[in-house]
Structures are given as C-alpha cells and as structure tokens.
4 protein chains.
Amino acid sequence: MTITARDTTATTLPSADPTTATEVPVDLPSLGTRLEATRRLTEQLAEPLSPEDQTAQSMADVSPTKWHRAHTTWFFETFVLATFVADYVPHHPEFGYLFNSYYEQVGPRHPRAARGVITRPGAAEVGAYRRHVDAALAEAIDDGLPPRALELVELGIHHEQQHQELLLMDIKHVLSCNALDPCYLALDHSPAVDINGSVPAGQAGGSPGWEPFAEGLVEIGQPTDPATGFCFDNERPRHPVHLRAYELADRLLNVDEVLAFIDDGGYHRPELWLSDGWATVCTEGWQHPLYWQHDDNGWAVFTLGGRRPLRADEPVVHLSYYEADAIARWAGARLPTEAEWEHAAAAESFDTGLLDLEVLHPRPPTPRRTNGAAGSGAAGSGDGCRQLSGEVWEWTASPYVSYPGFEVAPGAVGEYNGKFMVNQHVLRGGSCVTPPGHVRATYRNFFPPSARWAFSGCRLARDLR
Amino acid sequence: MTITARDTTATTLPSADPTTATEVPVDLPSLGTRLEATRRLTEQLAEPLSPEDQTAQSMADVSPTKWHRAHTTWFFETFVLATFVADYVPHHPEFGYLFNSYYEQVGPRHPRAARGVITRPGAAEVGAYRRHVDAALAEAIDDGLPPRALELVELGIHHEQQHQELLLMDIKHVLSCNALDPCYLALDHSPAVDINGSVPAGQAGGSPGWEPFAEGLVEIGQPTDPATGFCFDNERPRHPVHLRAYELADRLLNVDEVLAFIDDGGYHRPELWLSDGWATVCTEGWQHPLYWQHDDNGWAVFTLGGRRPLRADEPVVHLSYYEADAIARWAGARLPTEAEWEHAAAAESFDTGLLDLEVLHPRPPTPRRTNGAAGSGAAGSGDGCRQLSGEVWEWTASPYVSYPGFEVAPGAVGEYNGKFMVNQHVLRGGSCVTPPGHVRATYRNFFPPSARWAFSGCRLARDLR
Amino acid sequence: MTITARDTTATTLPSADPTTATEVPVDLPSLGTRLEATRRLTEQLAEPLSPEDQTAQSMADVSPTKWHRAHTTWFFETFVLATFVADYVPHHPEFGYLFNSYYEQVGPRHPRAARGVITRPGAAEVGAYRRHVDAALAEAIDDGLPPRALELVELGIHHEQQHQELLLMDIKHVLSCNALDPCYLALDHSPAVDINGSVPAGQAGGSPGWEPFAEGLVEIGQPTDPATGFCFDNERPRHPVHLRAYELADRLLNVDEVLAFIDDGGYHRPELWLSDGWATVCTEGWQHPLYWQHDDNGWAVFTLGGRRPLRADEPVVHLSYYEADAIARWAGARLPTEAEWEHAAAAESFDTGLLDLEVLHPRPPTPRRTNGAAGSGAAGSGDGCRQLSGEVWEWTASPYVSYPGFEVAPGAVGEYNGKFMVNQHVLRGGSCVTPPGHVRATYRNFFPPSARWAFSGCRLARDLR
Amino acid sequence: MTITARDTTATTLPSADPTTATEVPVDLPSLGTRLEATRRLTEQLAEPLSPEDQTAQSMADVSPTKWHRAHTTWFFETFVLATFVADYVPHHPEFGYLFNSYYEQVGPRHPRAARGVITRPGAAEVGAYRRHVDAALAEAIDDGLPPRALELVELGIHHEQQHQELLLMDIKHVLSCNALDPCYLALDHSPAVDINGSVPAGQAGGSPGWEPFAEGLVEIGQPTDPATGFCFDNERPRHPVHLRAYELADRLLNVDEVLAFIDDGGYHRPELWLSDGWATVCTEGWQHPLYWQHDDNGWAVFTLGGRRPLRADEPVVHLSYYEADAIARWAGARLPTEAEWEHAAAAESFDTGLLDLEVLHPRPPTPRRTNGAAGSGAAGSGDGCRQLSGEVWEWTASPYVSYPGFEVAPGAVGEYNGKFMVNQHVLRGGSCVTPPGHVRATYRNFFPPSARWAFSGCRLARDLR
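Residues numbered from 1 in each chain as written. Chains lettered and ligands numbered in written order. Predicted model: local features only at pLDDT ≥ 70, side-chain atom pairs only at ≥ 80, totals over all residues. Heavy atoms only, no water.

1. Here's the deal with the sheet that holds strand E4 (residues 246-249) of chain A
All names here are of chain A. Strand order in the open sheet formed by three strands is E1-E4-E12, with antiparallel pairing between adjacent strands. The open sheet is flanked by strand E1 (210-213) and strand E12 (461-463), the only strands paired with a single partner. Taken over all neighbouring pairs, the strand axes of this sheet differ in orientation by 25° on average, direction set aside. Where E1 meets E4, four bridges bridge the pair, whose relative direction is antiparallel. When the sheet's bridge partners are listed, Pro212 is paired in E4 with Glu247. Against the sheet, helix H11 (residues 338-346) contacts E1 and E4, and its axis sits at roughly 70° relative to E4. (Pairing = 2+ DSSP bridges. Helix = DSSP H or I, 4+ residues; strand = E, 2+ residues; numbered from the N terminus. Axes fitted to C-alpha atoms, helices over the stretch in contact; angles between N-to-C directions. Contact = heavy atoms within 4.5 Å.)

Have a look at this one:
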C-alpha cells in the first residue's frame, strides 16, 4: 500500500500542542471534513481484514474489528443523533445493547468478554450501519446542530481515533494467537524499518545519551483557552508541579538493552520487580516481552506484517508496566513521571502522530547530529529527546489519577475517562499506530500495569544530584 | 428449504440394527458414495452460515463451524491419506496443529478453548481444503486402499456425522448468545411442529403410559458378526446383563411436566438433586432448561429457527443429567439404565436417524393407536415406546464405562472413545439433529452430567414390583 | 503407644460378613457398649493432637479434627436426641449451624471450605459438648428409645467410625503441609512395617500371582436378612451380576511397580491416561503419588509417623483413580469392577478392619504359603487374594451408582449416601486406618477420581480368555 | 481490663512530628527498654486468644496470631542476630521457611495463603521462640551492636508495631466468620464509646464543618535531620508540593452519612463508582461496609467486643477505597490527597497513637468548642480538624508511589516498602488499634483499593474556589 495515512493527512490536521502553534494550518478543515476523514480511515484500516478476522476476540480486553466499527458508530448515534435530532430512529433497536461499551447510564450491555460471539450483524451489515449513521450525521451537521452537539461530534472523532489504534492493537493480538503467523498487511520490513542496516545484539550504539532538566516549578496540562483545540477532560486543568532535577534518556529503551536484561536473568530475579509484578511473572510465565519468540534461529518478533527477526536497535514494544519498571531498576534508572515527561516534551517540537501503513512497528532512532551545538529547548542542555512520539507509548511512573481541580463532564460521557482513575498507569507520547493528529504533549493514555498488548515501551529517567 | 436430508437419504442408508434387518436395502451404497454424501451434507449444513457465524466459539465446549469442517477433513487426511498414500503431502503444514482435536499421539494442538481465534484459514479456504482432500480420497479409493484404510474411511464417515450434529448443537449455542435471537434457518414452526394444535400448559395429555419389561438376563451391545455393519468400539462386546422388572414411559418427558416441576419449586429444593447437581444449580443460577426464556408473554424457547413459544406437549430438550435426574426423582420415578433402554429399543422398530432441515427441534409424540391390540415386542405388553429415536438424546442412569472385555483400537484412533470413560453419562437414541443412518439401538453417546447444549432430554423409568 | 485399637476391640466387635459368621462372638456387645467404645476411640484418636492441630483445615475436602469430634456429636444430637427425646434442649443453639455437614433438610450450614476458621468452640469445649451428648444418649438409651431411634444410634456409630478414618486422613494432609514434617504419633517404622527386611527397588518379588475366577452369574450386595447385621443403604439390595472370566492380582500394587511406571515416563505419557486424568496431571503437576518426596537421598514418603524411606514391597497408597487407572493400563491390566472384587472377597476370610496405632500405614504382604495345597474359595483355584482388607482402599473400575432397586431412607438421613452417586468411583476393602469392625466384603466406599488423600491404592485385574 | 496501653506508654514515647517537638520527652527511653515494651505488648495482645484462635487464617490476607508472633521474632533473628552476632544459631532451622513473610532475598517461604495450616510450632512453642530471641537480643545489645544493627533493632520495633495492628485486624476478621459472634475482649461498649448518648440515624449532628486551606507550595515528608526520630524510608525525602485551595471536613465520615448513602441506593448506582469498584461491588455482592449486619432489630456491627448496635455518630470503619471514593462522590465531595491531609495534620497537634484495650473501635468526635475563637494552625481558619488520629485510617486519593528522590535501603530490608508501590492507595492518620507512638503526621499506610479489613474510613475534602 503506497498511500500512507501520514502522507495524506498529516499536514491538514491541527496540532493541539500550543508550543508548536506556528505549524497549525491556517485553514482548519471543517468538522464535517474531519469527521468524514476519520470515518473513512476506520474503514481503510478494516479493509485488509476478512469477515472472519473481524469477528474474533482473543481475550476479554480485545474487541473484534467489526465491533469497533459498530461501537464508534453507536457513539455518534447515541450521543449526537438520538439526543439532538428530533425524529431520529436508531438503525436497529438492539444495536445499543450490542455496541454500548461501558456507559452504565445508557443502559445494559452485551458482556464485554463475549463480544466475539456476536456474529451478526456481520462485517457487511456493520458497513451499512456506518453508512446509515454517516449520512444522518452529515445531514444533521448540514441542518445545523447546537454547540453541545458539535462538541460531541468532536469528541466522537477523537473517540473513533482511539478505537482506530485499539483496532490495530486488537487484531495484532488476534492474529498472534494463530500458528500460521498471519499478516495484517505484508509490510516491507527491510527498507522501511532498517535505517541503519542490521544491528546485531550488543552493538546497538551503547548507552543512551541523557538529557538534563533543572529543578523547578513547571506547569503541565492543557490551559482552558479554547484556542488550544480539543483535549480530553483528563488533560485539564493546567497546574503547577514541582520537579527535582532529572535527566531523561534521549531515546527509547531498545531491544539490545532488554536482551541484556534477559541474559542477566532479569525474568528470574524477584528483587528487580514490584511485588505484584513478580506475582504476574510467575503466574503468566513471562520470559520476554509479548510477541517475542525464540527458536533455533534466534529471536524473532511477531508484527502486523508477520514474523521477522528482532533488530537490536529498535525500540522495545509490548512491555507491561511491571517489565518497564523492572528493567529500569535493573539499569540503575527509573521511569519518568508524567510531569517530567510532559515538561520534556513541551520543550521539543512535538510530532502530531503517525500511522504509516507501510511500517506499523516502532523504528530505530534517527542518528544524532554529530556536533549538536545547541539544544532545542529551554529545559535541556543537549540535543533533546528523540522518539517522543510516533513509535511507542511510554510508561510513566505516574498512576492515572485526576489532576487537581478535575471536573467530570455531565451525563453519560462523563464516564469517558474519570471512572478509570484507579489501578492504571499513565503512558505518554503516542505510537506508530496512533492516527494522525490524535496525540498532544499533554495527552494521557492509561492501561493497567499488567497490560502488554498496547504498543507500549519506555524511556529511562534518573535523578540528577 | 424443501429438500430434507431425511427425504433424500434415509432409505438408502443401512440400518445397523439387527432386529430390523429386513429393512436394510439390498444394494448398499458403496463406501465412496456414502463418503461423498456425508461430505456434501456437512457443506449443506454450513451453507446458511456466514463466514462470521462460522468463526465464533461461544464456550470451550463449542467449536466454530469452519473448525468442524476442517477437523473432519484433517481426520481423513491424517488417518487415511498421510498414512496409506505414499506420496501424499498435507495440504498445509500447520493445519495438523490447528485442526487436531484431542489425539495426543498425533502431536500438539491449538488450545481447544481458543478455537474461535483461528480466523485463518477462512471459511472459503476451508472449503478449498475440503475439496483438496475429497479429491485425494476419491483418487485413493479408486486406486485401491488396503482394508485397514477402508475401515478408517468408514470410521471417518461416522466421525464426520458426529461432527454434523456437533456443528448444529454448537451454532445453536453461538446464536443463542446474541440478543438479536438470530435464526440458523427460518423454520416454519407451526405446520411442521404443531401436530396436535397448540396445547396449553397442564393439558398435554396427562401422565405417560408405562411399558413393562420382565426381569431376566438380556444381552446388550453389538455382536462381533461383521454383517451387522459399522459400530464404534465402545458398543462391543455384546454381553449379558441381568435386569430387574421395570417399566418405561411410553413417551419422552415433556414441557408440561417440567413446567410443573418449576412451579413446584424444583430448582429451589436441594433434596431433589444430586449433591454435585445442586452445587451446579447454585453456581450457574439455573432456573429452567437451557434456551428457555420467560417474559411478560410467558415461556418461549430459542431454537435454530429463532425464538418461539413453548408447547406443552413437546419433548424437553437441553437438559443436563442433573436436571433429568432431579425431575425424575420429583416425579417419583428414575432414569433408565442404558441396558434397560437398549433392551426396550431392541424390541421396537428402530428409526435410523433423522435430521429434517425444516424441523430441527424435537416434535410431540404421535397419538397412540386408540385400540392398541398388541404390543410390538417380546419384552413389552403395551403399545411400545414412542420417540425412541429422532427427537432427543435420552440421559440414562449409566455412567459411561467400558463394556466387559472392551478392547481399545491400536494407535491414535484408540483415543476415539476409551479415554473419555470417566465423569460422563450415557445417552441413547439419537436426536432431531442426528444425521440419517448414524444411530443404532446399541449406540452410546456420552456427555458430562452438567452439559446442556446437546439435544438431550429423558424418558422416565420405574421399578416394577 | 503400646495399646492398639486392634488389641482392645477387635475380638469384641461383630463381623458383618456372613461368610465369617463363626467368628462373631456369641455375646454381641450391647448397642450402648459399642456406642461408648466408638465415642471413646474418637477421643483416643484426637488425643495426640494439640488444640492448634485440631483447628486447621488444609483444603476444602479436609475437616479439622475438632470439627469431626463435634459433627459426629451433632449427628446423634440432631437425629436421635432432638427427634426422640421430648424435652431435649440442644447444647448450643448455633452448633447446628456450625456442625451440620451437608444435610440440606436440616438447615443452613457454615461453609464447608471455611471450617478452619471456626476457632470457637475450642478443642476442650468440644470435649464438653461430647460429654453432654454422651450422657444424654446414655440416659435416653437407658430410658428406652423406639426402634427407629435405636437404628439411628446404630447408624451414628457407623457414621462416627467413618469420621474416625476421615480424621486420620485429614490430619495427615494437614501435617504434610508443614515443612517440619511433624508426626501424629511417633511410629516405630522398622519392626512394625519391615517384615521382610528392607527391599530395594526392582527386587520386590517380581510380578504378583494371579487368582482366576470363572465366568458366571454371581450375587453381590447385602441380603435383607437382618441377621447379617448393619449395613449402609447403598449396599442393598443383593442382586445378580454376570461376570466374564477374570483374574485378580494376589496382592496390592506396590511401590516397586509404581517406581517402574515413573521410570518409564508414566507421568509424562498422555496415551496412558484418561482424558480428564491427563488434564489433572498437567494442572496439578503430578509427578508421583501424594506424599512421596524425592531428594538426594532417594525416595521418601510422609506418613502419620513423619517422613521415612519408601520400601519397594509396600503397597502404594494415596493414589487417585486416574493414577490407578493409568498404571493398570501401563501394566497391561485394568482395575477390577466392584462386582469382581466383591465376588473374590466373598470367597476369602474377610478381616473386619484394623487400625493399629503403631502402624497407620499399609504393610507389605505376608509371604505366600510355599506349598499352597488348596485355594480357600469356590471361585478361585490358587492361594487366594492377600491384602483384601486392612491396608488400602482399592479403587475399582465401577462408578458409584445405586444398585438396582435401591431405596433411599426417608428424611434427612436419606441424604447420607444417595446424593453422592455421580462423579465418584467405588473403593473396596478398608484400610490401615479403618476402625475395627467397620468394613465388610459388601462395603462401598467412594471418592471422586481425582482424590488422593484417602488411603487409596489398587489391585490389578485382567480378563481371562 | 483497666490498664490501657495508652495510659502506660503514651507519654514516654517520642513524637516524630517536628511541629510538636516541644512535646517530645527529654529522656528518650533506651532502645532496649522500648524493644522490651514492644515485645511485651505483642504478647499482651495475644493473651486473650486461645491456641485455636491463634492458628486460624480466614483469608489469604490474614495471618494467624501465632504467625505474627513468630514472624516478628524471625525478623529480629534474621536481620539482627544472624547477621551481627557471630556465633548465633537460629532457634530452629525451618523457622526461616515458615516465618519469612515476603523477603525474596532471604529465601523461599511457606505459601502465604496457607499459613493457617502451620499448626506446629504451637502457640506455646512460639512463646518459647520469642523468649529465646528476646534473651539473645538483650544480650547482644548489652554486648554492644554496631550502628547498622541498632538501626535494624529500631526498624524491628516499628515492624512489630505494625504487626500488632495487623494481629488485631486479622483476628477480628477470623472471629467475624464465626456464627457465634465471639469476642476478642468483652468491651464495655456503652461508657467507653457512648460519649453523647445514643444518637439515632439522621440526628448525628448534620453536616461536618469545613476547614479551609489556602493555595500554595507546601512541604511534606520527613526531613533527613536525625533529630526527628525514626521514620520509614517511604516518608522521605521531604519535598515541595503545590496545592490548590481546598477544605477538609472537620470530622470523619460517620455512620449517619453512610446510612443515607445506602438509603439513596448508593450500592446499586454504578454512576457513583469507579469502574473497578463497581465490578467489585457486583462480584462481592457488597451492600454495606464490612462487619455491618442488618436484621429485624436494625443495623448492628461486629466489633472486637462482639456484636452491638451501630451508632449514627460514630466514624465508619472497614470501608474499601472504592466505597470511600463512591460515598465522597455521592456527597458532592472527594477524598483528600495525602499532601492535603499531611498539610492539615502538620497544622494540628498530632496525637501519637492510641490502642485502648477497653475501646478497640473508633469513637464519635468530641463536641466542638462552641465559641472557637482561634484555629490552631496557620493554614486553617476554623477550629481545626478533629479525629486526625486514633480512630480510623483515612483513605486518600493518592496512589502509593515513591516520593521524588526516594531511595530504597540496601539488602533484603529494601523490600520492606518499595516493592509494594503499585495498585495501592495511601491511608493516613492511624487508628484505634494502632500501637502507641507508632504513627506520625508523615506516616504512609497503604492497602489495595478493594481491602476492607483494615480499620479504614475517610474524611471528605472539597476544592475551594
């Protein structure tokens, strides 16, 4: 597939990052245009998948592709059409039961762990459902919707973008369970991924550089200024946080480092792990990151393009928080807090998100400027942090809680974020399967510490003394 | 669908019942013809199902439709082609891993509970796999196969017939989990089912008649005489069993009786249940047989033709052993042993199996001859037992164990039956979804006592004193 | 402890075995005397155990010692005193809740798996409860009880004997979970057990002898003649069973044979196991019988007298049905049915039960008479089967079901046996921890096929052709 | 029992709160004296418990009383005696295996969930173990120990104090599982608890007062100055935190408020709960706080003194975080962060801990000074917060994570706190079963959000705008 999402849309999407405001195009695409582009991308992502592929659910956390397609449609139907369009009749009376995810206030739902049993509506009928709702939405927008409805359309766009990434995470898990090692797309591994030539283990360029940041009171989170564009409720309010002096690795944790951890017995040494993490290692029998495989030919990794050899210099992806934390401890480092990460990211030019359908796997870092005369940001003094976005979500040391002064949106959409603020950790940055324009420096993703099927990796941090 | 399996094939298939030998057609269909008919019927049964339908697995016991289609193919490929055809190359090197069910001696397998995640090969590719193996089998039979190979073809036919019934049981369970109440086929409930007109609860003809059998030493099981046709290893050897005098209900347990049990608090009275059964009732929250639903409109039942009202006079189906046992106890009766059942069935003209695609649900009994002058069998003195086959499998009081002198077949096919001889109970008779010609009076089906998704019901028995 | 239960009571207890009627003392001890002896033995068995020992519950199947002491007391209190003594006031209003085991018709109960949390009443207070009920029972018997009450006293005696064995099984499991390898009693392993001198593995006398039995119709079960003494309801009615010709090993399966099974990879070869058995092996990680331990010093076994080396010629004990079945299959044999076993036992002089507090572990067989002139029974032609009682319960191939014509006792005591007749297998013979006079040739013990904490072993059987 | 722990020790123990430094006694008790007093209190707490009581474990989180007594002894033996006393021989070679709790670096351990099966050593033998180690410790201290060893003795004292509270929490849970509603001690409920006379529901004084705190950068945590006395590693380093303006309820959440929550359907309204909390409510069937019971006589509560009626004005105890969070949301409030709480507590005179053996249950607040002229602290303007210590641990909104710059102690004691820093929430303040002198304003307790068996309640907080 020669047309990548990045090529066609990256320049036309707004950046939500206030620090890079000059890059925002003057002519914002209209809401309707962005809605249409988002809806189209979902279908484009489902295109390579057969009806069978779109039906399966490989674990409770995973949803079938066609369920994602239907649920995102239900979201618009329920919160926009059924609420704001006077005579709107839902496409099917039972679809609310089947495709509500977790909105308790909307009504009862099909059990989450059994979404794979919903064989009907089939993939084609879900397509018809999407077109029905798309048409009704377009008409409603044309006819004029009140501001609250437009806000919900905007929310629905960002919601659907989240499900685009989930769709790819989930189908990767489904396909990985099949001994045939099937491909989502036939990725051209070598030219797209292999920037530096194949790098054997132990020769991936050695230790990372370290970017220092001074102690001080910084601000994180989104200002309430509407000019900054859309953000989720959990990114607000912007507030001061005191940081000690710290430094961040200038690249992501890579395969070479994790192989050294494995060789050093890391998965067999309880003293390196959080107590709950060690219990999980023992129960699950973890010996390496998810999707890694070892056989007589050495280490390989399952990707959306099938199975291929691991590269020493590529970022590690599909780590749990427990693993990221243990590897950091083993390395004499720690994970950054979300405030430390955001402070560093605010100092950099922040890429607004990728999703190159020829890649779909995190790439090695670009080589450093050999003579980095000046750092790019006020906080750091080196060449800045690479790979802050577009490769892997970075686990932070911060549990997912509300910011001081957080306010939940009224009604059922108030369930969107707030009710998950326990037993999860924040991830930052966005990954190679995050849709264009979706992430920001202030964006807060979150998963339970045992989750590994997201495109999650990490960056090391250390106290500066 | 106007052409039923029964219409086209029932008269051309051999009866294995020696007591009805005169009904066996003189011209037995050749093995190849029967093979082809069996293979065709499987595809015919899968025909109404979409690729999505064919992929889902609703619980560990259920297998996806396309898995059944592939597994039965793998059975022929592995035990016949790969073993007896010198240069045969398996269709795909990984299909053995994916489609081996439980043959430990053949090699490792995809986990049973995760068959729903095998999205590839898809339904169409499974069709190609089937055609490939069909062609190779036909050629091998034409070229001549040794007797042991022909026996395994015969076994493969009966194996595939068992999976035809499993396919229907399993897809019924899959579809039942969907709030849309989807149909496998649009059955014409009323004319096909409603023989006597609608029968309200409490007016289903009262108590059953009772067919008496005298005390004595009887023989059960298949003789070794090859003229009796195919049987499974677990039906042999034929052996004497001493029976006390007993009587059997002349019809199956019906809905009317189970509604009375429910009204009498049957699902809330531990004294009626086996200890393990009561624990299951409490854990699972059973309040009625599987697929029954109660709402403001009264009792309905989910069938392969969707949801429809219950009829008081139809046989109860989808009972566990625990329920059958408890209802029998409540009724002052008990379940028959398999010897009692077989002794009675041997005295009757035994229908060789049904599967009418317009019915797919057990039917009420035909009315009795009003002036039943003479019983049909030596053992009984009444009009004989109705509904001994073709409606529901009948739970017996007999745990599934080997007959005295049982010998397991050598090699992997020896795993077919013997290794399941614990923690299961025998069912007899065959159901409305059993393929034509599959069952015999000596046929031993078996399920764990908690299983409810088979087409299982029961017939009451009592001691005669 | 020099006074063994056997020494003091064996000669004064009635044998229920009609074949050994001449050994029954002319003066049957009165019911009251036997009641008192039984009640005393329970306390004698609890004597070596501290209050702490008497409190613990190591798994759901195990009950604490003091719970057994209280439950057996509750049985008499509930079914005799509260029912037949007009003004009897239960010792404590909540003891019924705490010490009812499984009698649904008596009322709700403390959860079985949480009996270990009942710290009060303590061991001493349970003793007071026992004395209170003992006194009330003695008085009631003196005052005269109706026949039905006396039958229930008789039942209570046999019930308490069953709990005496359970008490020893259970405390063995409790103590085995402690790294200190604590002793119940300091058994003198060598003289009591070591009859033939230490026998290394592989030299335990080779294969067993085989005792043949002819084909024919035999009778099993207890006649209704009251002169035969007490039996449980599940032993009746006596009824004919047809047996093929068979032979039984003339001794129990021994350690030597199981070590050979282990050396031959028996615990790693699925083809030797029932399907449910293999699943259990994998889930539980079984590598050898329960209580065996292997370290640098070789094989040891945990006994009620602590840990000691295994002897090659001692009977294997603490096998599950799954293991007994697999080992028999590996040995080219099978397990006997309960009818085969009882037919053989009826032909032998049947020991009425042991329980030597200096032994508490099964002993090697006594050497054969070198010149065995005549077999003892009509059925066999050799020297007869040794070790039919007093060493280990022998797993049979027979699932535990009711005999033809079985009738459940009315009322709550009807729950005693019948409701367990599913998912269990019958064991025969009685063990080294069965109290004196408790077992008979017709006695039917039963456990689920995965249970290993009973004193269970097996004897091999084979078809004779 | 007329002598309370508070009376005898409270005035002699150091306060770790730097803001109340003038209250620290000039003559610190020597380490040896404090060690002896702590060791003695443990035995005093175990005194009312029988050997049976001391053995039981009612759930995996609970440890038996005698296990606590032995484990705290093992802690001193392992980290002090075996490490620093040259010729010390452990009391028993297997006690390390039995009584190590979670120190992976010390070696393997008896499984946590099976501590109830350790019947030996018994309660008396554990007493002997304690005396043996006490004597060796006293001798070692007399002989002179290096500073690191003395630090570990100090740590061992605080460790044992934590287990004193656990001992009481745990035995309360054990006793609560018994239908007899047994007492730990016969508490005199009325005079000790009933300060204001019985207060019916709905009349408990209405809403709390609210204590305001201004926005600003505050410091929390212990300074490194050794003059501040002992603290755990997780209380350091002291560091700045920015707080928004907020207010705290001037008393704990009380029974009256929770009854109103229940009456308002709080346990049946998912919109009030965190997602994981609601799942727990559904799975566990929660309808009210732990140990509450409702019957025809109204609401009662199980206490260490048995069962008694609830009082409307007493603090609610045995709440999970999920419940505290949901009730706060229902009340239009939230839980305070640990920084907010500590900032408020630093402004108050901080009671150093209670444990009155006549109370053992949280008490209603003392009445306010009717004319509160001046608040006690700089931050607040009212009368200050009551009940900041000595009644219940207060759940905070803060997940338990390390403070910025946290350093783990080297060696196995480094496992003490750090490895639990995930999936837990911080509680502050200390409870009615916290031993004297144990807590500080900086003290961080922690439990998983579903835990309810600690003496945990909460105080409401609100943003000030």
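2. Things to note about a negative patch on the surface
Residues Asp87(A), Glu139(A), Asp142(A) and Asp143(A) make up a contiguous surface patch of negative charge. Residue position: Asp143(A) is located in helix H5 (residues 123-143). (Patch = residues over 30% accessible without salt bridge, like charges linked within 9 Å, V, L, I, M, F, W, Y side chains within 5 Å. Areas by Shrake-Rupley, 256 points an atom, 1.4 Å probe, with all protein chains shown as cover. Salt bridge = Lys/Arg side-chain N within 4 Å of Asp/Glu carboxyl O. Lys, Arg positive; Asp, Glu negative; His and termini not counted. Charge placed at Lys NZ, Arg CZ, Asp CG, Glu CD.)

3. Description of helix H3 (residues 65-84) of chain D
Residues and elements named next belong to chain D. The terminal C-alpha atoms of H3, which comprises 20 residues, lie 28 Å apart, in line with the 28 Å expected from a rise of 1.5 Å per residue. Most pronounced at Glu77, the bend in H3 amounts to some 35°. Of all the 20 residues making up H3, 17 are buried; the element is thus mostly covered by neighbouring parts of the structure. (Expected span 1.5 Å × (residues − 1). Bend = angle between axes of the 7 residues up to and from the residue. Buried < 20%, exposed > 50% of the residue type's maximum accessible area, 1.4 Å probe, protein only.)

4. Section: the packing of helix H3 (residues 65-84) of chain A against H5(A)
Helix-helix packing is characterised by the crossing angle of the two axes and by the distance between the axes. Residue and element names in this part refer to chain A. Two elements in contact, H3 and H5, have axes separated by 9 Å at closest approach and are oriented at 30°. By the angle class used here, H3 and H5 are roughly parallel. Helix-helix and strand crossings are classified by hand; for H3 and H5 the assignment is left-handed. On the side of H3, the interface is formed by Lys66, Arg69, Ala70, Thr72, Thr73, Trp74, Phe76, Glu77, Val80 and Leu81, while H5 contributes Ala123, Val126, Gly127, Tyr129, Arg130, Val133, Ala136, Leu137 and Ala140. Residue composition of the contact of H3 with H5, grouped by class: twelve nonpolar, three polar and four charged. (Parallel < 35°, antiparallel > 145°, perpendicular 65-115°, else oblique. Left-handed = near helix turned anticlockwise from the far one by under 90°. Nonpolar A, V, L, I, M, F, W, Y, C, P; charged D, E, K, R; others polar.)

5. Describing the interface of chain C and chain D
Taken together, the 32 residues of chain C in the interface contact 33 residues of chain D. A combined buried area of about 2,200 Å² lies between chain C and chain D, and 61% of that area is made up of carbon and sulfur atoms. Our enumeration of links across chain C and chain D arrives at two salt bridges. One salt bridge in this structure joins Asp53(D) and Arg120(C), with 2.9 Å as the shortest N-O distance. Those elements that provide at least two residues to the side of chain C that touches chain D are helix H4 (95-99), helix H5 (123-143) and helix H6 (147-176) of chain C. When residues of the side of chain C that touches chain D are assigned to their parent elements, the largest contribution, three residues, is made by H4(C). The class makeup of the residues in the side of chain C that touches chain D is 19 nonpolar, eight polar and five charged. (Buried area = accessible area lost by both parts, 1.4 Å probe.)

6. Focus: the interface of chain D and chain A
Contacts between the two partners involve 32 residues from chain D, matched on the other side by 32 residues from chain A. Summed over both partners, the interface of chain D with chain A comes to about 2,400 Å²; 62% of that surface belongs to carbon and sulfur atoms. Joining chain D to chain A, the criterion identifies two salt bridges. Arg465(D) is paired through a salt bridge with Glu407(A); the nearest N and O atoms lie 3.4 Å apart. Elements supplying a minimum of two residues to the side of chain D that touches chain A: strand E3 (239-243), helix H9 (275-284), helix H10 (321-330) and strand E8 (393-399) of chain D. Of the residues in the side of chain D that touches chain A, the class split is 17 nonpolar, seven polar and eight charged.

7. Regarding the sheet that holds strand E1 (residues 210-213) of chain D
Residues and elements named next belong to chain D. If you trace the three strands from one edge of the open sheet to the other, you get E1-E4-E12, paired in antiparallel fashion. Either end of the sheet is taken by a strand with one partner, and the two such strands are E1 and strand E12 (461-463). Across this sheet, the average inter-strand angle for adjacent strands is 25°, counted without regard to direction. Along the sheet face, helix H11 (residues 338-346) touches E1 and strand E4 (246-249) and points at about 70° away from the line of E4.

8. Observations concerning the relation of the copies chain D and chain A
When chain D is fitted to chain A, the residual RMSD is 0.0 Å, and the transformation amounts to a turn of 180° plus an axial shift of 0.0 Å. Seen this way, the second copy is the image of the first under a two-fold rotation axis. For chain D, the residue whose C-alpha comes nearest the rotation axis is Asn423(D), separated from it by 2.6 Å. An overlap of 100% is found between the interface residues of chain D and their copies at the interface of chain A, pointing to a shared contact surface. (Least-squares fit on C-alpha atoms with pLDDT ≥ 70 in both.)

9. So, the pattern of salt bridges
Side chains that carry opposite charge are capable of pairing whenever their charged atoms lie near each other. Per the counting criterion, the structure on display carries 132 salt bridges over all chains. For Arg452(C), the salt bridge is made with Glu323(C), and the minimal N-O distance between the two is 2.7 Å. Placement of Arg452(C) in the loop between strand E10 (445-447) and strand E11 (456-457) and of Glu323(C) in helix H10 (residues 321-330) is noted, with a sequence separation of 129 residues between them. Taking relative accessible area as the criterion, Arg452(C) reaches 10% and is therefore assigned buried. Linked through salt bridges whose partners overlap, the residues forming this network are Arg39(A), Glu43(A), Arg69(A), Arg130(A), Asp134(A) and Glu160(A).

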